[in-house]
Amino acid sequence: MAFKLRKIKNNIRKFIPKPIINYYHYLLAFVGAVKYKFPSRNLIVIGVTGTKGKTTVCYLIYDLLYKLGIKTAISSSDAFLFDGEASEKISRNATPGTTPGRWFLQKFLKEALNKNCEVAVLEITSEGLMQNRHSFIDFDIVEFINIHPEHIEHHGGYEKYKESKAKLFLNLLKGKNKYFRGKMIKKTIIANLDDKESDYFLNFPAQEKITYSIEVDTGNESLNIHPEKIQLSPKGVTFKINDLLFASKLIGNQGVYNILASFVAIKSIGIPISDLKQPLAEFNGLPGRFEMFQSRKCRVIIDYAHTPVSVEELYKNILEIFKPRKLLCLIGSDGGCRDKWKRPVIGEIAAKYCSKIVISDVNPYDEDPFVIMRAIEQGVKKYFETFDFKKDYEIIQDRKEAILNLVNSAEKEDIIVTIGKGVENTIEMNGYSIPWNEKEVVLEILGSSKYQQKIIQNIAPEFINGVNIKKINSE
C-alpha cells in the first residue's frame, strides 16, 4: 500500500510547478528548524556535495573523527549514525533521497546534539539543494569534490544542475562563527582543484578557502593539499604528504581523491593531518563501493558506479591495477526518466573495456525494463559498428540470473564487475520494491560452486566502525 501511495504522490508531483514544490520544502525546513530550536547553531556542520564519492568522503570524515575520539554524527545515502551508534528511530537510510526532505535533517541534528556530538557530516545532493532541504542549517565547512553530467533532464540542463549545487556555498557566511574545543572555526570552502569547475565554487565568499589536488601543485602547502609519490596496487594506495607516508586499503586514484577530501575537511577544524595516519590505515572502505570477493576461480567486484564517468574510471582502475585476463561486466541504468541520455553511453563504455557484457535491471521504476536495456544495447552496438568488431553480450533482465551467467562464464584470473546497485536493498519496479542484496546474491552464487570462497573485503552491514572481516568456506 505504501508503494502505491508513493507512486500516486509522484504522479501528482509531475503536475505541480517545481518552484511551488521547492518553496514547500523551504517552509518545511523552516518549521523543522523552529520545532527543533535550530540545532545546527550548536554543532560544527560539514556539508559535502559532488557527483560521485560523496558517501565515501562523508563516511571517511566521520570514521576518522570517531577514531580520534571526537563525537561525530553522519547523514548519508547509506546510514545515519551518532558516534558509532545507530539511532533507535533513524539508522539505515531507507528514505527515497540522499538528502531527506521535510524537517528530517533538523531532527537528525537535534538528536546529534542530544547525544553530545560535536561535529555533524551531511551528504548533500543537488536534488536536496534544489528543494531547499538544506535551508536553516548553519554550515561551517562546505566541500565540492567533483561534478559530472548527472540528473541533467531532471534539473533542465548541466548549468542548472551546477547552480543547484552552488546553493550550498551561497549562504555560507550568514551564520555566526562557532568554536571547536576552544578554537574558532572559519567559514570554509573546500574544492577539488583538479575538477574543471573548481573555480566556480571557489568564487563564493568564505573566510577561508582550501583546495586539494593530485595533478596541480600550487606550492602553497597550507592552502592546497598535494600528495606525492602516489602508488596504486591491488592492496590499496600509498602516498606522501609533507614527507609523511600514508597507506590506505582504498583502491585507485578515486580512493586518493576521497582521502584528500576527508583530510582537508578535518584539517579545517584544526586537527593536524599527521594525526590521521593510523585511523586511515584502519579504514576498510564502504560496502558496495569497490567491494571485492574472491574464489579460486575468479574475483567479483561490486560497485555503485552509475554515471558514465564513474563507470569508465572503475573499469580503467580495475584493468590498470589488477590486470585481469578478462573483464566481465554486468551493466544497467535507472529508469523513471532518470538521465536517459547516459544509457547508450554506458553501453559504449562497457563495449570498450569489457570482454563480455550482460545488460540487466537496476531500478526500472515505472518504465518498461526492456526499453532501458535496449537503449544500453544500442550503445554497445554503436561501439562495435564504429570499430568493426564484436564481443559477447546478452540481455538478461533477472539480475541474479545475470550474475550467475557471468560467474559461469568466468575463468581463472578473470574479474567480474557489477555496477549500479552497491548496497541498495531493493529493485524498484512499477511501484513495487523487490528485496535485493547484491553481496548476498554474489556470495550465494560463489558459495554454490565447488570453489572455496573467501571475502576479500566484507564490510559489516551495520556500518559501525569496527569492520568485520569474515571468511566463508563451502564444499
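In the block above lies the structure referred to throughout.
Residues numbered from 1 in each chain as written. Predicted model: local features only at pLDDT ≥ 70, side-chain atom pairs only at ≥ 80, totals over all residues. Heavy atoms only, no water.

## Focus: the side chain of S360
Here comes step 1: Following the sequence through the fold, S360 ends up in the loop between β18 (356-359) and α13 (369-387).
Here comes step 2: A distance of 2.9 Å separates a polar side-chain atom of S360 from the backbone oxygen of Q397.
Here comes step 3: Apart from residues lying up to four places away in sequence, S360 is in contact with L330, I331, G332, M373, I396, Q397, D398, R399 and A402. (Helix = DSSP H or I, 4+ residues; strand = E, 2+ residues; numbered from the N terminus. Polar contact = N/O pair within 3.5 Å; in protein donor to acceptor, adjacent residues only side chain to side chain. Contact = heavy atoms within 4.5 Å.)

## Notes on the packing of helix α11 (residues 308-322) against helix α12 (residues 342-353)
Here comes step 1: Taken N-terminus to C-terminus, the directions of α11 and α12 make an angle of 10°; their axes are 9 Å apart at the nearest point. Of the possible angle classes, the one that applies to α11 and α12 is roughly parallel. Of α12, the residues touching α11 (which contributes P308, V311, E312, Y315, K316 and L319) are K342, V345, I346, I349, A350, K352 and Y353.
Here comes step 2: When the residues that make up the contact of α11 with α12 are grouped by side-chain class, the tally is 9 nonpolar, no polar and 4 charged. (Axes fitted to C-alpha atoms, helices over the stretch in contact; angles between N-to-C directions. Parallel < 35°, antiparallel > 145°, perpendicular 65-115°, else oblique. Nonpolar A, V, L, I, M, F, W, Y, C, P; charged D, E, K, R; others polar.)

## As for the nonpolar core
Here comes step 1: In this structure, I61, V119, Y212, F239, F263 and I269 are the most contacted members of the largest nonpolar core, which totals 47 residues.
Here comes step 2: Secondary-structure elements contributing two or more residues to this core are β1 (44-49), α3 (54-67), β5 (119-123), β10 (208-212), β13 (236-241) and α9 (252-267).
Here comes step 3: Among the elements that take part in this core, α9 stands out by supplying 9 residues, more than any other.
Here comes step 4: When near neighbours in sequence (up to four residues on either side) are disregarded, F263 contacts L64, F239, I241, F246, I273, L276 and L280.
Here comes step 5: Among the nonpolar cores identified, the runner-up in size contains 31 residues, and I349, A351, Y383 and F384 belong to it. (Core = buried A, V, L, I, M, F, W, Y, C linked by side-chain atoms within 4.5 Å. Buried < 20%, exposed > 50% of the residue type's maximum accessible area, 1.4 Å probe, protein only.)

## Observations regarding the sheet that holds strand β4 (residues 85-86)
Here comes step 1: Strand order in the open sheet formed by 9 strands is β4-β3-β2-β5-β1-β6-β9-β10-β11, with mixed pairing between adjacent strands. Only two strands of the sheet have a single partner each, and these edge strands are β4 and β11 (224-225). (Pairing = 2+ DSSP bridges.)

## Focus on the state of the cysteines
Here comes step 1: Applying the stated rule across the entire model yields 1 disulfide.
Here comes step 2: Residue C329 pairs covalently with C354 via a disulfide, S to S 2.1 Å. Between C329 and C354, the S-S torsion sits near -90°, and that sign places the bridge as left-handed. Separated by 25 residues along the polypeptide, C329 in strand β17 (residues 327-331) and C354 in the loop between α12 and β18 bring together distant segments of the chain. (Disulfide = S-S within 2.5 Å.)

## Here's the deal with the pattern of salt bridges
Here comes step 1: According to the stated counting rule, one finds 25 salt bridges in the structure shown.
Here comes step 2: Close ionic contact of D83 with K71 constitutes a salt bridge, the shortest N to O distance being 3.0 Å. Of this pair, D83 sits in the loop between β3 (80-82) and β4 while K71 sits in the loop between α3 and β2 (72-75); the two residues are 12 residues apart in sequence, bridging distant segments of the chain.
Here comes step 3: A residue is classified by how much of its surface remains accessible, and D83, at 21% relative accessible area, is partly exposed.
Here comes step 4: Residue K71 is classed as partly exposed on the basis of its relative accessible area, which comes to 32%.
Here comes step 5: Look at the salt bridges and you will find they share partners, linking D138, D140, K178 and K187 into a network. (Salt bridge = Lys/Arg side-chain N within 4 Å of Asp/Glu carboxyl O.)

## A few points about the packing of aromatic side chains
Here comes step 1: Inspection of the entire model under this criterion finds 20 aromatic pairs.
Here comes step 2: When the ring of Y59 is compared with that of Y62, the centres are 5.5 Å apart and the planes differ by 45°; the resulting orientation is tilted. One end of the pair, Y59, and the other, Y62, are both in helix α3, 3 residues apart, so they sit about a helical turn from each other.
Here comes step 3: Residue classification places Y59 among the buried positions, given a relative accessible area of 7%.
Here comes step 4: What makes Y62 buried here is its relative accessible area of 0%. (Phe/Tyr/Trp six-rings, centres within 6.5 Å; stacked < 30°, edge-to-face > 60°.)

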